[in-house]
Amino acid sequence: MPKPFVQAGSLFVTLSNDTSDANRQLGYDLMNVGIREILSRSDFTFNRTSRTFTTGTQVQAYGPVFNADKIDHVSVTVGSVTYTPQEKRSDREWQQINYVSSTSDVPSFWHNKLSTGKIELWPIPVTNGNTITVVHTKKIRDLSATEYTTGTVTLTSGTNAITGGGSASTSFTNRHIGQYITLEGKESVISDFWFEITARNSGTSIVVKQTPSDTLTGTFRVAELVPFPDGYENIPVWYALDKFYQMRERPILAREYERMWRDGVSQLEKRDVASVKGVLVKEHPVVPRDPNYDPRSITLS
């Protein structure tokens, strides 16, 4: 089960046998160091997520993509066909391509404009309503022990929007994007399920990645979760305790916790390799399409 960062901190406090506020903060700091070190060791697939946008007529830029460290893949679905345009990383190349304005629902290239954080497509889409899927690696950021619980929220079956209310004024911020929300104390299949927050519509409305299968209203928690899969959430705690006992000059305990977190990382890497085993990834060079050979027209202006 996913573990809130504050809960991991409580486990550190218990196992370090020091309940002081200073020690709790030390645990948070050491766990954040461990999370950064471990996630930087490999391009873990579990640290990727996706965001979707809808094309607009003559609209080239979409986003921004919040909480993205890097964009891994962009695709555009038109009807039942999914197109995978090629990335153009160079700003200069992108400017050269856009010297000639062109429009088509069939994309050839995409570009991540770093100054805005938005994804741009070429040719510029013609039709409203096509789906752009952006797969990205999550940004590694220091997790916070602060949880947000003000007011109540309503989850509606079949929709990804969650609305806040209650006698206390709910006020969501952009900081909550990338965090998780759960309803507590409800008898439902989605009770205690953590929904990833992907966007903020307003102070009282957020969007979650997973679609609720039930309609519920109640108290909630918004929290940061330890960013590891089920069964591996304690690895940052073992890392923090290794460093803690090294500072306390207790080498036996330090070595034991070091063994535990290193074994955990090794198993995590094997799990990640197994999760993509047998998946063949091919990259084909994509060139600007000739309108004479493409079933969809490209309009130049």
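For the structure itself, consult the block above.
*Asks:* Whenever I open this one, the overall build of the protein confuses me. Can you help?
*Replies:* A count of helical and extended segments in the protein gives five helices and 17 strands. Put simply, the protein has 301 residues, and 43% of those count as buried. Within the protein, counting contacts between residues at least 6 apart in sequence, those at least 24 apart form 69% of the total. Surface summary for the protein: the accessible area is close to 15,800 Å², and the carbon and sulfur share equals 49%.

*Asks:* Help me understand the sheet that holds strand S3 (residues 68-78), please; the structure alone is not making it clear to me.
*Replies:* As a general point, the strands of a sheet are linked pairwise by backbone hydrogen bonds and lie either parallel or antiparallel. Across the sheet, four strands lie side by side as S1-S9-S3-S4; this open sheet has antiparallel pairing. Sheet topology places strand S1 (48-54) and strand S4 (81-83) at the edges, where each strand pairs with a single neighbour. If you compare each strand with its neighbour and ignore which way they point, the axes differ by 25° on average. Inspection of the sheet shows S1 paired to strand S9 (residues 131-138) by seven bridges, in the antiparallel sense. The residue bridging Thr 54 from the neighbouring strand is Thr 131, located in S9.

*Asks:* Whenever I open this one, the environment of Val 208 confuses me. Can you help?
*Replies:* In this structure, Val 208 sits in strand S14 (residues 205-208). The buried category is assigned to Val 208, whose relative accessible area is 2%. For the pair Val 208 and Ile 177, spaced 31 residues apart in sequence, the C-alpha to C-alpha distance is 9.1 Å.

*Asks:* Honestly, the sheet that holds strand S8 (residues 118-122) in this entry has me stumped. Any pointers?
*Replies:* The mixed open sheet is built from four strands, whose spatial order is S2-S8-S7-S5. Strands with a single pairing partner mark the edges of an open sheet, and in this sheet they are strand S2 (61-62) and strand S5 (86-87).

*Asks:* How should the packing of helix H1 (residues 5-16) against helix H2 (residues 21-39) be read in this particular structure?
*Replies:* A packed helix pair is summarised by two numbers, namely the angle formed by the two axes and the spacing between the axes. Two elements in contact, H1 and H2, have axes separated by 9 Å at closest approach and are oriented at 115°. The hand of the H1/H2 crossing is right-handed. Residues Phe 5, Val 6, Ala 8, Gly 9, Ser 10, Phe 12, Val 13 and Ser 16 of H1 pack against Asn 23, Arg 24, Gly 27, Tyr 28, Met 31, Asn 32 and Ile 35 of H2. Of the residues assigned to the contact of H1 with H2, the class counts are eight nonpolar, six polar and one charged.

*Asks:* Would you mind showing me how to read unusual backbone geometry here?
*Replies:* Most peptide bonds take the trans form, and the phi angle of most residues other than glycine is negative. Geometrically, the link from Gly 63 to Pro 64 is a cis peptide bond, its omega value of 10° lying close to zero. With respect to the helices and strands, Pro 64 occurs in the loop between S2 and S3. Phi angles above zero are rare outside glycine, and Asn 17 is one such case at about 60°. Following the sequence through the fold, Asn 17 ends up in the loop between H1 and H2. Looking at Asn 17, the relative accessible area reads 69%, which means it is exposed. The phi dihedral of Asn 67 is positive, around 60°, even though this residue is not glycine. Its place among the elements puts Asn 67 in the loop between S2 and S3. Residue Asn 67 is classed as buried on the basis of its relative accessible area of 17%.

*Asks:* Any chance you could explain the packing of aromatic side chains here in plain terms?
*Replies:* The description of two aromatic rings rests on the distance between their centres and on the angle between their planes. Per the stated rule, a full pass over the model turns up 13 aromatic pairs. Plain terms: the ring middles of Tyr 239 and Trp 261 are 5.0 Å apart, the flat faces sit at 65° to each other, and that makes the pair edge-to-face. Of this pair, Tyr 239 sits in helix H4 (residues 235-247) while Trp 261 sits in helix H5 (residues 251-275), and the two are 22 residues apart along the sequence. Look at Trp 261 and you get buried, because its relative accessible area is 0%. Taken together, the aromatic side chains of Phe 12, Trp 238, Phe 244, Tyr 245 and Tyr 257 make up a single cluster linked through ring pairs.

*Asks:* What should I look at first to understand the pairing of S14 in this one?
*Replies:* Each regular strand shows side chains that alternate between the opposite faces of the sheet. Pairing of strand S11 (residues 161-165) with S14, which is carried by three bridges, proceeds in the antiparallel orientation. Opposite Ala 161, over in S14, you have Val 207 as the bridge partner. Where strand S13 (residues 195-202) meets S14, four bridges bridge the pair, whose relative direction is antiparallel. Bridging from a neighbouring strand, Arg 200 pairs with Ile 206 of S14. As consecutive antiparallel partners, S13 and S14 are separated by two residues.

Reading the values: the criteria
- Residues numbered from 1 in each chain as written.
- Predicted model: local features only at pLDDT ≥ 70, side-chain atom pairs only at ≥ 80, totals over all residues.
- Heavy atoms only, no water.
- Helix = DSSP H or I, 4+ residues; strand = E, 2+ residues; numbered from the N terminus.
- Buried < 20%, exposed > 50% of the residue type's maximum accessible area, 1.4 Å probe, protein only.
- Contact = heavy atoms within 4.5 Å.
- Areas by Shrake-Rupley, 256 points an atom, 1.4 Å probe, with all protein chains shown as cover.
- Pairing = 2+ DSSP bridges.
- Axes fitted to C-alpha atoms, helices over the stretch in contact; angles between N-to-C directions.
- Left-handed = near helix turned anticlockwise from the far one by under 90°.
- Nonpolar A, V, L, I, M, F, W, Y, C, P; charged D, E, K, R; others polar.
- Phe/Tyr/Trp six-rings, centres within 6.5 Å; stacked < 30°, edge-to-face > 60°.

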